Structures are given as structure tokens and as C-alpha cells.
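Take a look at the letters that make up each chain.
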Number of protein chains: 2
Amino acid sequence: MPINHAVIDNPKSDRIKRVAGLARPAGRERSGRFLIEGPQSVREAVTWRPDVVSDLYVAIDVDPDGEPYLSDTLAVIVDKSQESRKTPIYVHHVTREVMAKISKDAQGIVAVGDIETLHTEISAVRLSERPLIAAFWQVRDPGNAGTVIRAADAAGCDAVVFVDECVDPLNPKVIRSTAGSLFHIPVLRMDTGTFLKWMERDDLNTIAADVYGTPERKPETLPDVLAERAADAAGATRGANGVRGDAVLFGNEARGLPAAILERMDRIVSIPLYGKAESLNLGTSAAVMLMSLAMSGR
Amino acid sequence: MPINHAVIDNPKSDRIKRVAGLARPAGRERSGRFLIEGPQSVREAVTWRPDVVSDLYVAIDVDPDGEPYLSDTLAVIVDKSQESRKTPIYVHHVTREVMAKISKDAQGIVAVGDIETLHTEISAVRLSERPLIAAFWQVRDPGNAGTVIRAADAAGCDAVVFVDECVDPLNPKVIRSTAGSLFHIPVLRMDTGTFLKWMERDDLNTIAADVYGTPERKPETLPDVLAERAADAAGATRGANGVRGDAVLFGNEARGLPAAILERMDRIVSIPLYGKAESLNLGTSAAVMLMSLAMSGR
């Protein structure tokens, strides 16, 4: 794709500084916008949530004759961003030097998104016929946070909930780790009380994913829960509790879930370890439990 | 733990250079030894495979009075290494500067292991009553390789097989990513032909984990396979094929499995994606499929 309009070549311009600043919490708070880095994330954003995206910044290369051009991979994403929409997405061409200033993880393209537009209220979450919600208490590591959003997406969850003090889901490393899933599934933030009240109102079965349980309540094991579901499905009955869906809450990477929260959950379920491994990491635990429940329900 | 013998303080000594060199293929090939970095890996090595470990290198700190001492965390691992064994493990004290020269990922402790002692021949693998084997074709990324070994361990697999050209399982990054599982479960390397011959000889059901299948054979889905297993278990019968266990083969991160291999497998099974995620990564796929099969068999 040849380029016929201005290319931003000043890495010190205010506009470029502002975009680069969106990688930091202060920059996001000040502007109400966030940064989406790299071809995969930007493609998923303009495909699934074009309403969220206001601007694209794409790096321009120069051919041996000195003519500027846009690589085919990036041109496909830019074209996608211009398909029928209500509000336009502005495309800015920048030099490789300017792109390096914006982000080290751009791989040639970033987008600017609007925080308020991506934000989902509880009342706006549409639950499916047999809902599955993935909740995470105090997830702190950006890579883990992205991985669990991706796992929840793969399992067809209706929503992801970050409970209490979690990493910001609009942290650029979280977004990169979701591989685009941030734009496939609503991600909400709330405190424990609000989360539990919501689950009760919508009649969802709350499951704590926890290895230890409390002194009074040892965890059930996941295969037992799956066997019960299979038996229910075979008898074409509803779940034993008459519930119509599940919300699984996973604990912090290092500390798991506190007893005060475990006591308020309907069930405590652990993933058995059959070998000598001491634990599964958070991302793997979430994928195994959410995918198992999803597979058992269909 | 106070220290009362010599501390190696010369980062340029030949011994230290040799140990540091084990991070590279040439160093391992020359010496027949490999490097185990960090408290978790070293603890698992001296706990489960002390026969493999010849030497420990531990970093010594200095207290405000100038007295050298060993931190409690490291002292526990050193003590463990000295429990009843046939051959001694030699413990070397080094300065923090020397440790930094050995490895950036030591967190105060490394061990040197013997490649030949860790090596397992096919004839030495002991299959359990209902065996599960995790095999990976051309896994190339060290982090992925470690993660899948850890997942196989958690699922109680009898062995891990790296098929054809894979990353070296003794690459330090692989070992770190296994979180000690390399010392819990045999990891073998072989070509496709040898792998398939072994599976046939031991009457294991070969399952290709693959999303696409071949033009003639579409994949079955994992939940269908699990439902069949549950029905078999309920009827207290053996599997439909009369097989006594499974070997699951996963493909390369980018290219999956070639048709020539798919055609030689008993079954092709895919993990369904319920949401809008395009794929699961190799580590997550392996964890979901291996754990699901393990849970369905008990």
C-alpha cells in the first residue's frame, strides 16, 4: 500500500509523547484512553470493538527507491479499521523511529482506545443460557491476568471479573497477554461484596477454585464435580442445586483465597494433582477448570 | 548456618567458567553435565533425583560483623542434599559475585547434574496400570517445553517424549520452566518412527492433539472423547478399542502436526473453543487435554 499523505517523523512531538504516555497509569487516567499494541491485539480490537478505537498509528517503511509504503500485514488491519462504522478511526502514519518512541512492543502498529467505551456495567452483561463467569481475586501479575482472560474467552465465559485489588486490565502487558481476548469478552472490576451480590441476584452457583479449603470444609475435587454434571446431563435434569450456571473465583497467585471469602462461596473445588508437581500456576488452573466446566455443560 | 570453610571468591577460576559454560550446548556436550538453577529446581533435584546431582554451588552472604553465613532457605536445601545417599554431593560456597558469573537465574543456588544418569531408555520406563504418555513433536520454545513437562507431571503422566527436532530439555530455561518436574518424570527424546513403534508394542492408544485433522479425517472433540470414557467407566468396561492407556502427541507451536504423522495416529482429537479466542497456546492445550484425560480415568 503506497502512502500519499503526511508521515509523522518527530518522535518528540506532544502527540507522540501523549500516546506513549498511555502505557502508564497516570497517562491513562489523565486522558481516559489506553494503548493497544501489536498487530494481533489491534486487529482484534478493530474487528470486535471498533467503537472503542479512536486512532491507529502505523509504521511506514521506505522502499529502495525512497518511496514510503505500508507492509501488507499492517495494510489488512488498516483496511479492516475503515469498514462501515458509526465513528471514524483516524489513521496516522509514523516513521519507525517514532513508533519505537511510542512502544517497544508495537511490531509496527498501535491503537488508542477509549476507556469509558470499553467499560461494561454489571447491568449491561448479557448472560447466556447456561452462564459461566470467571472471577479472579487480587490477580497481580500482568502476564497471568492476560492469560486468564484468554482462557476465559476460550471457555466461552460470559464475563471476566477482577475482584478487589487486581492489576489494571488496561496495563499494556495485560492486553498483549490476552492475545485480543480483551475485545471478545467483558472484563469488569468490583469488590468482593458487589461480586457476591451480583452472583446471588443472577442465581449463579459460586465455586471457589482452591486447593486447601477451610478447616470445616475440605474442597471437593474437580473430577467429582464433572462426574456429577455428566450424571445430571445424562438424566437431562438441572444441577443438584437447581442453579443455572457457575461463577468460578480463583485466588491470588501466591496466597490463594482468604477464609473469609471461601466461607461465602457455595462450593470449594480443587484440581487434583496426579504426579509429583506441587501446584499448577494460575493460568493453567484457570484454563483446566474453566474448559472442563465448559466441556461438561455442552 | 555459619560458614567455616573456604569460600570461592574468584569469578575467573576455571572451575567457575566450566560451571557457567553448562548453560550452553557445547559446555554440556564436552562435560556430560548440565546446570540446574534456582532454589525450586535444585530442591526438587536433590529430593527426587539426588543420584543425578554431583555438586551444589551456594552463595554466601556476610552479616554486619563481617561473618559469612548461609541463608535459611538455602541451608534447608543443602541439608536435604546431604541426607542418606550412595554417592556424596559436594557443596561449594561461593561469593555473590561468583554466583552472578555462574548464572543470572541462580537466586543463590545452582547444582550440577549428570546427563547420563538422568537419561532414561525406553526399556527403563515403568508404565502404570492405566498409562498416560505426553509426547511433543518439534516443540521449539524453551518456556513451552518446560511448561508442558510440568503439565504432564501434574496429570500424572508416565513419561514425556520429545519427538524429532525439539529444544534440548537440559537447556537451563527449559529446566527453570519445569519448576522441578524434570526430576519427577522421565523425559525421553526419539524420532517419530521409534515413538510409534514403542506405543504399538505397549498397546497404547495414540491420540493426535490437532485442530484441523486431515481432509479424510476430521478431529473428534475432547468432550466427546471424555463422555465416551465416562460411559465406559460407568459400565465398568475397558475402552472401546480395548486399549489400556493413551499417548497424546501435540504438534509444533506454529505448524501443528504434519499430515504424514496424523495419518499414523489412532485418533485425532481437538479441544473446542467456545468463545472468540482463535487458539490456545501449546502449554494450555497440553494442560487441558492431559488433565482432562487423567481426571476421566480415575
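Note that the structure is predicted; figures quoted are calculated from it, not measured. (Residues numbered from 1 in each chain as written. Chains lettered and ligands numbered in written order. Predicted model: local features only at pLDDT ≥ 70, side-chain atom pairs only at ≥ 80, totals over all residues. Heavy atoms only, no water.)

**Section: unusual backbone geometry**
Next, step 1: Positive phi is not limited to glycine here, since aspartate 203 of chain A has a value of about 60°.
Next, step 2: Mapping aspartate 203 of chain A onto the fold places it in the loop between α9 (192–201) and β11 (205–209).
Next, step 3: For glutamine 138 of chain B, which is not glycine, the phi dihedral falls at a positive 50°.
Next, step 4: Structurally, glutamine 138 of chain B is set in the loop between β8 (132–137) and α7 (142–154). (Helix = DSSP H or I, 4+ residues; strand = E, 2+ residues; numbered from the N terminus.)

**Describing the relation of the copies chain A and chain B**
Next, step 1: In screw terms, the move from chain A to chain B is a rotation of 180° and a rise of 0.0 Å along the axis, fitting with an RMSD of 0.1 Å. Accordingly, the operation relating the two chain copies is best matched by a two-fold axis. By C-alpha distance to the rotation axis, the residue of chain A lying nearest is valine 288 of chain A, at 2.4 Å.
Next, step 2: An overlap of 100% is found between the interface residues of chain A and their copies at the interface of chain B, pointing to a shared contact surface. (Least-squares fit on C-alpha atoms with pLDDT ≥ 70 in both. Contact = heavy atoms within 4.5 Å.)

**Re the domain arrangement of chain A**
All names here are of chain A.
Next, step 1: On domain assignment, one finds that chain A holds domain 1 (7–118) and domain 2 (122–296).
Next, step 2: On a C-alpha basis, the centres of domain 1 and domain 2 stand 33 Å from each other.
Next, step 3: On the domain 2 side, the residues contacting the 15 residues of domain 1 number eleven residues.
Next, step 4: Across the domain 1 to domain 2 interface the summed buried area is about 1200 Å²; carbon plus sulfur atoms make up 64%.
Next, step 5: At the boundary of domain 1 with domain 2, the tally comes to three salt bridges. (Domains from an automatic or database assignment. Buried area = accessible area lost by both parts, 1.4 Å probe. Salt bridge = Lys/Arg side-chain N within 4 Å of Asp/Glu carboxyl O.)

**So, the nonpolar core**
Next, step 1: Core analysis: the largest hydrophobic core is formed by 126 residues, its most contacted members being Phe136 of chain A together with Phe136 of chain B.
Next, step 2: Apart from residues lying up to four places away in sequence, phenylalanine 136 of chain B is in contact with Val148, Val160, Val161, Phe162, Val163, Cys166, Leu249, Phe250, Leu282 and Ala286 of chain B.
Next, step 3: Ranked by size, the runner-up nonpolar core spans 23 residues in total, among them Ala159, Leu196, Met199 and Ala208 of chain A. (Core = buried A, V, L, I, M, F, W, Y, C linked by side-chain atoms within 4.5 Å. Buried < 20%, exposed > 50% of the residue type's maximum accessible area, 1.4 Å probe, protein only.)

**Description of the packing of helix α3 (residues 39–48) of chain A against helix α4 (residues 72–81) of chain A**
Residue and element names in this part refer to chain A.
Next, step 1: The contact between α3 and α4 brings their axes to 9 Å, and the two run at 20°. By the angle class used here, α3 and α4 are roughly parallel. Seen from above, α3 lies across α4 with left-handed handedness. Taken together, the residues of α4 that come into contact with α3 (itself represented by Pro39, Val42, Arg43, Val46 and Thr47) are Leu74, Ile77, Lys80 and Ser81.
Next, step 2: Across the contact of α3 with α4, the residue classes tally to five nonpolar, two polar and two charged. (Axes fitted to C-alpha atoms, helices over the stretch in contact; angles between N-to-C directions. Parallel < 35°, antiparallel > 145°, perpendicular 65-115°, else oblique. Left-handed = near helix turned anticlockwise from the far one by under 90°. Nonpolar A, V, L, I, M, F, W, Y, C, P; charged D, E, K, R; others polar.)

**What to know about the pairing of strand β14 (residues 267–270) of chain B**
Residues and elements named next belong to chain B.
Next, step 1: The two faces of β14 match: Arg267 and Val269 on one face and Ile268 and Ser270 on the other face are all buried.
Next, step 2: One ladder, built from three bridges, connects strand β11 (residues 205–209) with β14; its direction is parallel. Paired with alanine 208 across the strands is isoleucine 268, a residue of β14. (Pairing = 2+ DSSP bridges.)

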